[in-house]
Amino acid sequence: MIRFENIRKVFPDGTEALRDVSLTIPKEQLVVIIGPSGCGKTTLLKMINRLEIPTTGEVFVGDKAISTIDPVELRKTIGYVIQRIGLFPHMTIEKNAALVPNLKGWTKDKTTARIHELMIMVGLQPDQFLPKYPLELSGGQQQRIGVVRALAANPDIILMDEPFSALDPISREQLQDEIKYLQEKIKKTIVFVTHDIDEALKIADMIVVMKDGRIEQVGTPTELIENPFNDFVKNFIGIERINRKKSIGKRELQDFASYFDREWDSHYLEVEASMFVEEAISLLENESTKGLLVKRSNEVLGFVNQSILLRAMLAKEEVV
């Protein structure tokens, strides 16, 4: 758990970036911080690994104030993924990915096993990609390596600062799907900054909406769509999205069932194809439910999860 208590940040030029922010980020949740440019979201993120220091207030990881932890030691325990990726061009992918495990004194065998495991998780074959250099990879592949490097030393907390914003739409959507899949597997506390509301609604367990250095609303994607707290949040989400959600909510799951690209497990509940979407979304609010196995009588039609249903709500045209 990460906790911000009465955080205020004033920069030397007098800019007040954060104004009395208090927030609790639950353990093992993917929490997206979103808002317009200059709202303070990146400043808030950087306080978690002490790249920014509060003017007043305190940040806690668990029950420990991070001001009492050596910054270098703190950063070894936190993964960090940024928009510019930050891979070292003169080092192979393997050496880039092994940086933090090496700093922590891991054995070569342990480091190699961990990196191979993560490479497969993000869809890159270790033997093919680890000997390469960053400039030999596409932007999407480099960003995947950035995720591998952040996860390599198995940190409990991952910070992601607009990591996909420079990518083309196809790569961006693939990586959004990948981070959701990874989170199902590894269950880390992920704090993700973006300015893209579609991205936030698609990947987040919880969304923090900011404006002018203050928090306007905190809630699940469904809560924000169904109950925006004020006009700013409503307009930021978009009236069209809210109205589309209402219309899709009365449709049946059979219209949205997709075939699996990965095996399902006991966390998927079996439901009837005639169930309404709004009822399915309520079931998926339970964090132990990864998805719903959609059946008509004894025939499996496919599955749905939050990501599929939210993507339908965000689409310019409804899925038929």
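Look above for the structure.
Residues numbered from 1 in each chain as written. Predicted model: local features only at pLDDT ≥ 70, side-chain atom pairs only at ≥ 80, totals over all residues. Heavy atoms only, no water.

**Q** Looking at this structure, I do not really get the sheet that holds strand E2 (residues 16-25). What am I missing?
**A** By definition, the strands of a sheet pair up through backbone hydrogen bonds, in either a parallel or an antiparallel sense. One open sheet holds the four strands; their spatial order is E2-E1-E4-E5, and the pairing between them is antiparallel. Each edge of the open sheet is held by one strand with a lone partner, namely E2 and strand E5 (64-65). Judged from the two bridges that link them, strand E4 (residues 56-61) and E5 form a sheet pairing that is antiparallel. Within E5, the position partnered with Val61 by the bridge is Lys64. (Pairing = 2+ DSSP bridges. Helix = DSSP H or I, 4+ residues; strand = E, 2+ residues; numbered from the N terminus.)

**Q** Is there a simple way to explain the environment of Phe11 in this structure?
**A** Tracing the sequence through the fold places Phe11 in the loop between strand E1 (2-10) and E2. Phe11 sits 44 residues away from Thr55 along the chain, and the two C-alpha atoms are 8.4 Å apart. Excluding anything up to four places from it in sequence, Phe11 contacts Ala17, Thr43 and Glu52. (Contact = heavy atoms within 4.5 Å.)

**Q** Help me understand the pattern of salt bridges, please; the structure alone is not making it clear to me.
**A** Note on pairing: side chains with opposite charge can pair once their charged atoms come close. Scanning all chains against the criterion turns up eleven salt bridges. Two residues, Lys202 and Asp177, come together in a salt bridge whose shortest N-O distance is 3.1 Å. Of this pair, Lys202 sits in helix H9 (residues 197-203) while Asp177 is found in helix H8 (residues 169-186), placing the two residues 25 residues apart along the sequence. The class of Lys202 is buried, set by a relative accessible area of 6%. Via salt bridges that share partners, Arg8, Glu16 and Arg19 belong to a single interconnected network. (Salt bridge = Lys/Arg side-chain N within 4 Å of Asp/Glu carboxyl O. Buried < 20%, exposed > 50% of the residue type's maximum accessible area, 1.4 Å probe, protein only.)

Keep in mind these numbers describe shape, not what the thing actually does.
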